[in-house]
Amino acid sequence: LGSTAGRPKPVPEDDRPDEATVRRLAEQSRQSEQMWNLLVPERNIETRGVVGLLVVIAILHTYNSYNMEREETVDTLPPGAKEQLPNGAYLMEDGSIQHIAWTPEQVTVRTVPRESPM
């Protein structure tokens, strides 16, 4: 009793699938595995991939932070103006409100190159 329990029963010749059926089933199995790998990616996530992704994110964050530090704000207000009001008028430093037809000049901001953090 105990010795025959682990052995598979032999399949009779007439119950075995033909070669075309075996190939078709193997191809369906491969397609099914590809679909699962596409739709359930966490099955195949490896530690190397996660670490690599985190390194790329850290590098991009550092690069972006470095570039944001180098940006300079350009004053787009006319001389003597403190702020622009919602109606388009300007609040002047002396407290008066004036409607000034003023177009800011296009200014190229040049920054002094510094050493890169990378």
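It should be noted that the structure appears before, not after, this text.
The rules behind each value
Residues numbered from 1 in each chain as written. Predicted model: local features only at pLDDT ≥ 70, side-chain atom pairs only at ≥ 80, totals over all residues. Heavy atoms only, no water. Helix = DSSP H or I, 4+ residues; strand = E, 2+ residues; numbered from the N terminus. Buried < 20%, exposed > 50% of the residue type's maximum accessible area, 1.4 Å probe, protein only. Contact = heavy atoms within 4.5 Å. Areas by Shrake-Rupley, 256 points an atom, 1.4 Å probe, with all protein chains shown as cover. Pairing = 2+ DSSP bridges. Patch = residues over 30% accessible without salt bridge, like charges linked within 9 Å, V, L, I, M, F, W, Y side chains within 5 Å. Salt bridge = Lys/Arg side-chain N within 4 Å of Asp/Glu carboxyl O.

Bringing the overall build of the protein chain into the picture now. Along the protein chain, the regular secondary structure elements total two helices and three strands. Order of helices (α) and strands (β) in the protein chain, N terminus to C terminus: α-α-β-β-β. Looking at the protein chain as a whole, 6% of its 118 residues qualify as buried. Look at the contacts in the protein chain between residues 6 or more apart in sequence, and 34% of them connect residues 24 or more apart. For the protein chain, the accessible surface area stands at approximately 10900 Å², while carbon and sulfur atoms represent 56% of it.

Let us now look at the sheet that holds strand β3 (residues 97-98). With antiparallel pairing, the three strands of this open sheet are ordered in space as β1-β2-β3. Pairing within the sheet leaves two strands with one partner each, and these edge strands are β1 (81-84) and β3. The pairing of strand β2 (residues 90-92) with β3 spans two bridges and is classified as antiparallel. Paired with L91 across the strands is I97, a residue of β3.

With that out of the way, let us pick up a nonpolar patch on the surface. Judged by side-chain polarity, I45, V50, L53, L54 and I57 come together as a nonpolar surface patch covering roughly 480 Å² of accessible area. Considering the arrangement of structural elements, one finds V50 in helix α2 (residues 47-70). The exposure class of V50 is partly exposed, given its relative accessible area of 39%.

Next up on the list: the pairing of β1. The sheet contact formed by β1 and β2 spans three bridges and is antiparallel. By the bridge assignment, Q84 is partnered in β2 with Y90. Taken together, β1 and the strand that follows it, β2, pair antiparallel across an intervening segment of five residues, in which G88 is found at a positive phi of about 100°.

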